[in-house]
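# Observations on the three-dimensional arrangement
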Amino acid sequence: MKRNSLFLILFLISIGLCKSQTLVQTVDSIPMRDGKKLAADIYLPSTPGQYPVILVQTPYNRLYYRINQPLGLGSIAGTPYALVVVDWRGYYGSASAMVANADRGKDGYDVVEWIATKSWSNGKIGTWGPSALGKIQFQTAKENPPHLVCAAPLVAGPQFNYWEYFPGGVYRTEYVQQLDNLGFGLATTLLNNPLYNTTWQYAEAINYYPQSMNVPLFMVGGWYDHNVEVMMQMFNGVQTSSPLAVRSKHKLMMGPWAHGGFGTAQVGTCNQGELTYNEACGWSDSLALRFFDFYLRDLSNGWESEPVVQYFQMGENTWQQTATWPPTGMLAIKLFFNDNNSLTPTLPTSTTASANITYDPHNPSPTIGGSTLRNDLHQGPYNQAPLVESRNDILIYTTPILTQNTVLKGSGRVHLFVSSNRPDTDFGFRLTDVYPDGRSMLLVDNIQRMRFRAGFHAADTASMQSGQIYEIDIPIHDLANTFLAGHRIRIDITSSNYPRFDNNLNNGGKMYSTGDTLTALNKVYLNNSHASFIELPLNSYIVGLNENVPQEDQFQIVPNPANESFSITNENYNEINLYNINGVKIFTQQKSERYNLNFLPAGIYFVEIISSNGIRMMKLVKM
């Protein structure tokens, strides 16, 4: 099978070379400062001249780009760019250059400056590439090579954070397995440092350097990618602390994309998991080329007028923009878990309700889609109903049918009150968008290991006491999704999600080693003194009239838009809260015939109507 695969690869490469004669030369002699040499393929336009250069540095074998060039360029022959693809030191054609503790940023510097000396280069170099090919762009830019003009890293950041590999203290099994399959060899180091310690503090400090980004960045990410938080952290960092000369020039694009690397789900492709986003096809490549045209070719193409952040609002399937992330205008709305498996904006009425999860490490809840990396797993949005929600080791909480679009932009949290009969266990969630046909499409997931409930240092860890109730928060990572009218919001609670996350053995002993494997009886509390909930950044929350919302609780703001004042048509409520678009409360007022707006500037506001049967959020426009 391996021999057949190799033959197929070579056959495809040969076809690519026959179809495109743009590979002018193959060079294996780009000199590094230590005397070693890196292998590179150089692609030049068919007409001799001096050209701006797009540099790609890869650990995944430069020869694959002979099949097809990146950025949708196809053949370089008719383009205004030269392309240089370099194998990393120690990989493939550059294997002989391997040295211990290689500094890839300095290698990048040397490559950039070597390119600038060539007769076919006009001295303007930009970098491009996803994932590891993106990380090395940050490392190269940090070294500040004089001829580096701009960089376009995709689904990547330079960081090496504890929470990237141990979210909630739980080892990301399949992620690290795939990284090691690709030759990065991280597992031993990670498993030797499962707690947050000085090793992690040092690694995080030296790998986060937004203040060193001296060139404009065009960062491209995907909502289904595992690097969302890494990218958001880095982008916010360069917006606030990169040199003033470039601080306002960085831009971010977030699409409905998975990480990619295999299969049809790639950054910029239409098909992502079990969904198709035609409105996002090819946007990343077309915007990156405009970015390069502006900085490398000095074209007046309006790039400087592009929004700072443009993002794809899934559900609506539209591109939207904002100056900063997250956008303003969202309200932190809590939806409480109830013992009838519903999600409602009101506290549960029960004083004793709880629900059980029986978790057997030998039979974990399976990973179906999501922000995975391993090449035998699905990536992106997949229906959780058939293989996850059909099991008996899950708690499912769903809103009534939404009667208007409910917009989510930003990050949130799942707040749980829990207990277990074991000294350690996990609690995780999957947030899904439930379609009218019953599909429960995964948006985001996360997990928390209970021994780390107070923190991730050794001194923070503690066993659980059987039956004792503990309070935890599990972050919901940044997202932009509109739950359309007719859909529902759902939260699935499990104690495993394998192989995305390591299985907790439930024994409280040493992690990631052999030992007793115990079945845990875990409990989530759903009563008014221990009320578990999900908190989401929403624009409003309005549910169906026939599901948990009595007819007498239907409200309307009139007039809307309003000028001097407004009223509420139904008097069956107690008070209102008025918020501005930033979620700041302006006033609380008892029920009244009219509410004065004269003192407020024009804009968008939110009215929170509080009644004995619940809370309703409604948008108000002040003229």
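These notes cover the structure that comes with them. Since we're looking at a predicted model, the values are computed, not measured.

A few words on the overall build of the protein chain. Helix and strand counts for the protein chain come out as ten helices and 30 strands. Computed over the C-alpha atoms, the radius of gyration of the protein chain is 27 Å, within 12% of the 25 Å expected from 2.2 N^0.38 for a compact globule of 623 residues. Summarising its shape, the C-alpha atoms of the protein chain cover approximately 80 × 65 × 45 Å along the three principal directions. The buried share of the protein chain, taken over its 623 residues, is 56%. Considering only contacts within the protein chain whose residues lie at least 6 apart along the sequence, 74% involve residues at least 24 apart. When the accessible surface of the protein chain is summed, it comes to about 24,900 Å², and 51% of that surface belongs to carbon and sulfur atoms. Positive and negative side-chain charges in the protein chain, numbering 43 and 49 respectively, have mean positions lying 6 Å apart.

Helix packing geometry: the angle between the two helix axes and the distance between the axes. Across the interface, helix 2 (residues 104-116) lies against helix 3 (residues 132-142) with an axial gap of 7 Å and an inter-helix angle of 75°. Compared by their axis directions, helix 2 and helix 3 come out roughly perpendicular. Residues R104, G105, G108, Y109 and V112 of helix 2 lie in contact with helix 3, whose contacting residues are I136, Q139 and T140. For the contact of helix 2 with helix 3, a count of residues per class yields three nonpolar, four polar and one charged.

Within the structure shown, the criterion is met by one disulfide. For C270, the disulfide goes to C281, at an S-S distance of 1.6 Å. Here the residue C270 occupies a position in the loop between strand 8 (251-255) and strand 9 (271-272), and C281 occupies one in the loop between strand 10 (275-276) and helix 10 (283-296), the gap between them amounting to eleven residues. Its relative accessible area of 25% is what places C270 among the partly exposed residues. The exposure class assigned to C281 is partly exposed, which follows from its relative accessible area of 27%.

Nonpolar side chains in soluble globular proteins tend to end up buried together. Core analysis: the largest hydrophobic core is formed by 121 residues, its most contacted members being F337 and L431. Counting 18 residues, the second largest nonpolar core, distinct from the first, contains I557, A562, Y595 and Y605.

Let's shift gears to empty space enclosed by the protein. All told, the structure shown has three cavities of 30 Å³ or more when counted by the stated rule. Taken as a whole, the largest cavity holds about 270 Å³ of empty space. D225, H226, S371, H477 and R500 are, among the 22 residues lining the largest cavity, the residues nearest its centre. Broken down by secondary-structure element, the contributors of at least two residues to the lining of the largest cavity are helix 4 (162-165), helix 8 (228-241), strand 19 (440-449) and strand 20 (470-483). Considering every element that reaches the lining of the largest cavity, the biggest residue donor is strand 19, with five residues. Class assignment of the residues belonging to the lining of the largest cavity gives a composition of ten nonpolar, five polar and seven charged. Approximately 60 Å³ is the volume attributed to the second largest cavity.

Moving on, we get to the sheet that holds strand 25 (residues 565-568). Ordered in space as 24-25-28, the three strands form an open sheet in which the pairing is antiparallel. Edge positions in the open sheet fall to strand 24 (557-558) and strand 28 (595-596), since each of these has one partner strand only. Examined bridge by bridge, strand 25 and strand 28 share two bridges and lie antiparallel to one another. Following the sheet pairing, S565 is matched in strand 28 by N596.

On to the environment of V414. Mapped onto the elements of the fold, V414 is located in strand 17 (residues 406-420). Overall, V414 belongs to the buried group, its relative accessible area being 0%. Taking the C-alpha atoms as reference points, V414 and I472, separated by 58 residues in sequence, lie 8.2 Å from one another. Ignoring anything within four residues of it in the chain, the contact list for V414 reads F337, F429, I472, D473, I474, I476, I491, I493, F533 and I534.

Another point: unusual backbone geometry. Residue P326 is bonded to the preceding W325 through a cis peptide linkage, with omega at 0°. The step from N560 to P561 runs through a cis peptide bond, and the omega angle for that step is 15°. A positive phi angle, close to 50°, is found at Y92, a residue other than glycine. In this fold, Y92 is placed in the loop between strand 4 (82-87) and helix 2. Located in the positive-phi region is N101, a residue other than glycine, with phi close to 55°. Tracing the backbone shows N101 in the loop between strand 4 and helix 2.

This part takes up the packing of aromatic side chains. Tallied over the full model, the rule gives 36 aromatic pairs. A ring pair is formed by Y162 and Y196, whose centres lie 5.8 Å apart and whose planes are at 85°; its orientation type is edge-to-face. Of this pair, Y162 sits in helix 4 while Y196 sits in the loop between helix 6 (187-191) and helix 7 (198-206), placing them 34 residues apart in sequence. Accessibility assignment for this pair places Y162 and Y196 in one class, buried. Members of the aromatic cluster, joined through ring pairs, are F160, Y162, Y165, F166, Y171, Y175, Y196, W200, F452, F456 and Y512. In this structure, R439 is placed above the aromatic ring of Y435, and the distance from its NZ or CZ to the ring centre is 4.4 Å.

Along strand 29 (residues 603-611), seven of the nine residues are buried, which leaves the element largely enclosed by surrounding structure. Strand direction decides the pairing type here: strand 26 (residues 575-580) and strand 29, joined by six bridges, are antiparallel. The partner of Y579 across the bridge, within strand 29, is F606.

Attention now goes to helix 10. Between the first and last C-alpha of helix 10 there are 19 Å, a value that for 14 residues agrees with the 20 Å anticipated at 1.5 Å per step. If you check which residues of helix 10 are buried, you get S284, L287, A288, L289, F291, F292, D293, Y295 and L296. Each element contacted by the buried residues of helix 10 is listed here: strand 3 (51-58), strand 5 (121-130), strand 6 (148-154), strand 7 (218-222), strand 8 and strand 11 (309-313). Among the residues trailing helix 10, D298 stands out with phi positive, at a value near 60°.

Next up on the list: the sheet that holds strand 21 (residues 488-494). Backbone hydrogen bonds hold the strands of a sheet together, and the pairing may be parallel or antiparallel. Read across the open sheet, the four strands follow the order 16-21-18-19; overall the sheet is antiparallel. Single-partner strands in this sheet number two, and they are strand 16 (395-398) and strand 19. In this sheet, neighbouring strand axes are inclined to one another by 20° on average, regardless of whether the strands run parallel or antiparallel. Two strands pair when backbone bridges link them, and strand 16 and strand 21 are joined in this way by four bridges, in the antiparallel orientation. Residue pairing across strands places T398 opposite R490, the latter belonging to strand 21.

Cut-offs and rules
Residues numbered from 1 in each chain as written. Predicted model: local features only at pLDDT ≥ 70, side-chain atom pairs only at ≥ 80, totals over all residues. Heavy atoms only, no water. Helix = DSSP H or I, 4+ residues; strand = E, 2+ residues; numbered from the N terminus. Rg over C-alpha atoms; globule rule 2.2 N^0.38 Å. Buried < 20%, exposed > 50% of the residue type's maximum accessible area, 1.4 Å probe, protein only. Contact = heavy atoms within 4.5 Å. Areas by Shrake-Rupley, 256 points an atom, 1.4 Å probe, with all protein chains shown as cover. Lys, Arg positive; Asp, Glu negative; His and termini not counted. Charge placed at Lys NZ, Arg CZ, Asp CG, Glu CD. Axes fitted to C-alpha atoms, helices over the stretch in contact; angles between N-to-C directions. Parallel < 35°, antiparallel > 145°, perpendicular 65-115°, else oblique. Nonpolar A, V, L, I, M, F, W, Y, C, P; charged D, E, K, R; others polar. Disulfide = S-S within 2.5 Å. Core = buried A, V, L, I, M, F, W, Y, C linked by side-chain atoms within 4.5 Å. 1 Å grid on protein atoms, 1.4 Å probe; cavity = no way out; pocket = protein on both sides within 12 Å on 5 of 7 lines; lining within 4 Å. Points joined across faces, edges and corners; volume = space filled by probe spheres on them. Pairing = 2+ DSSP bridges. Phe/Tyr/Trp six-rings, centres within 6.5 Å; stacked < 30°, edge-to-face > 60°. Lys NZ or Arg CZ within 6 Å of the ring centre and 35° of its normal. Expected span 1.5 Å × (residues − 1).

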